[in-house]
Amino acid sequence: MARAVFLVALGVWACAATAHAAEIKVLSAGAVKGIVGELAETFRQETGHTVTITSGSAGEIRQKVTAGNAADVIFVTDTVVEQLVAGRMLVADTQADVARTAIGVAVRQGSPPPDISTPEAFKQTVLATTSLVYLDPASGATSGVHFAGVLQRLGIAEAVKDKTVLWRGGYAAEALVTGRADLCVHQISEILPVKGVTLLGPLPRELQKITTYSAALSARAAAPEAGRAFIAFVARPSFKPNFAAAGLDYRE
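Residues numbered from 1 in each chain as written. Predicted model: local features only at pLDDT ≥ 70, side-chain atom pairs only at ≥ 80, totals over all residues. Heavy atoms only, no water.

Visitor: If you had to explain the packing of aromatic side chains to someone new, which residues and values would you point to?
Guide: Summed over the entire model, instances satisfying the criterion amount to 6 aromatic pairs. For the pair phenylalanine 75 and phenylalanine 230, a centre-to-centre distance of 5.9 Å together with 75° between the ring planes defines the contact as edge-to-face. Here the residue phenylalanine 75 occupies a position in strand 3 (residues 73-77), and phenylalanine 230 occupies one in helix 10 (residues 224-234), the gap between them amounting to 155 residues. Of the two residues, phenylalanine 75 and phenylalanine 230, neither departs from the other in class, the shared state being buried. Ring geometry for phenylalanine 233 against phenylalanine 239: centres 5.0 Å apart, planes inclined by 55°, an arrangement best described as tilted. Under the relative-accessibility criterion, phenylalanine 233 is labelled buried at 3%. (Phe/Tyr/Trp six-rings, centres within 6.5 Å; stacked < 30°, edge-to-face > 60°. Helix = DSSP H or I, 4+ residues; strand = E, 2+ residues; numbered from the N terminus. Buried < 20%, exposed > 50% of the residue type's maximum accessible area, 1.4 Å probe, protein only.)

Given below as structure tokens:
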């Protein structure tokens, strides 16, 4: 009898827990989508809340939020978060800096490593490569916009134009694996997940852009409490090693 009562009580508790479980809709920049997805599953196991992630470039996310896209939590560059907070599209007191990454350079695994140690050495490497891939700046991608400016600063934008592959979303380093390019410039956190490539290192300091990624709650969130809980969860200090392993705790 006692066992039956216990099982009924357990069933009632389980139903109540399910009833209070929320679906959190997340818009995530590509540089952090891997770690956000990894922690989302741990969060689901701990809380019962599920997380649905849609990724895109920083520019694409800004456009979606501005257009009123139905999302609860945003993970994007701190600059874009601050712009959206100023426009009252994100809740100011929920902003949390969660990651920091830099732009790196990669080649196909097994290829001789070219010199990228100085701006001049990197310039010569880019000029010498057969083909180059980076994110299309027209998409508003942080690394793509910055690197297009680097090529202009180095005075080689026109010289490399015809051998450049402009990647539209996802991992640009995949072009190395398929043979579409021999040199890749992308966020380090988006190079590391690609098997079959070698990260040579970050861009030289003089050409580098270090980007901080922040999380914030949408002012239009359908599940605000669960959204706040997810932001606090991802920002836990205990997850710092996870971010470091993913190339998202960059230190010069």
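Visitor: Now, about the confidence of the model for the protein: what can you tell me, with residues and values included?
Guide: Averaged over every residue, the pLDDT of the protein is 91; residues scoring 70 or more account for 92%. Confidence drops under a pLDDT of 50 for residues 1-19, and excluding neighbours within four residues, the segment shows 0 contacts in the predicted structure. (pLDDT = per-residue confidence, 0-100. Contact = heavy atoms within 4.5 Å.)

Visitor: Can you explain unusual backbone geometry? Please cite residues and give values.
Guide: Positive phi, close to 60°, is recorded for arginine 88, a residue that is not glycine. Tracing the backbone shows arginine 88 in the loop between helix 4 (78-86) and strand 4 (96-101).

Visitor: For the sheet that holds strand 9 (residues 197-202), give the residues involved together with the corresponding values.
Guide: Strands sit in the order 7-6-8-5-9 across an open sheet of 5 strands; the sheet is mixed. Two strands close off the open sheet at either side, each with one partner strand: strand 7 (164-167) and strand 9. Between one strand and the next, the sheet's axes are offset by a mean angle of 25°, whatever the strand orientation. Pairing of strand 6 (residues 132-135) with strand 8 (residues 183-187), which is carried by 2 bridges, proceeds in the parallel orientation. (Pairing = 2+ DSSP bridges. Axes fitted to C-alpha atoms, helices over the stretch in contact; angles between N-to-C directions.)

Visitor: Would you mind going over the packing of helix 3 (residues 58-66) against helix 4 in detail, with residue names and values included?
Guide: One can describe the packing of helix 3 onto helix 4 by two numbers: an axis separation of 10 Å at closest approach and a directional angle of 15°. Here helix 4 runs roughly parallel to helix 3, going by the angle between their axes. Considering the relative orientation of helix 3 and helix 4, their crossing is right-handed. Along the contact surface, helix 3 presents Ala58, Arg62, Val65 and Thr66, while helix 4 presents Val80, Gln83 and Leu84. (Parallel < 35°, antiparallel > 145°, perpendicular 65-115°, else oblique. Left-handed = near helix turned anticlockwise from the far one by under 90°.)

Visitor: So, the pattern of salt bridges: which residues are in play, and what are the values?
Guide: Summed over all chains, the structure comprises 6 salt bridges. A salt bridge links arginine 108 to aspartate 182, with the shortest nitrogen-to-oxygen separation between them at 3.2 Å. Of this pair, arginine 108 sits in strand 5 (residues 103-108) while aspartate 182 sits in the loop between helix 8 (174-177) and strand 8; the two residues are 74 residues apart in sequence, bridging distant segments of the chain. Judged by its relative accessible area of 25%, arginine 108 falls in the partly exposed class. Classification of aspartate 182 as partly exposed rests on a relative accessible area of 27%. Taking the shortest distance from any N to any O, the salt bridge between aspartate 249 and arginine 251 comes out at 3.1 Å. (Salt bridge = Lys/Arg side-chain N within 4 Å of Asp/Glu carboxyl O.)

Visitor: Describe the sheet that holds strand 3, with residues and values.
Guide: Strand pairing in a sheet relies on backbone hydrogen bonds. The paired strands run either parallel or antiparallel. The strand order across the open sheet formed by 5 strands is 2-1-3-10-4, and the pairing between neighbours is mixed. Each edge of the sheet is formed by a strand with only one pairing partner; in this case those strands are strand 2 (50-56) and strand 4. Ignoring which end each strand starts from, the neighbouring axes of this sheet average 20° apart. Bridge analysis of strand 4 against strand 10 (residues 211-217) gives 5 bridges, and the strand direction is antiparallel. Residue pairing in the sheet places aspartate 97 in a bridge with serine 214 of strand 10. Relative to strand 3, helix 4 is tilted by about 125°, and along the sheet it contacts strand 3, strand 4 and strand 10.

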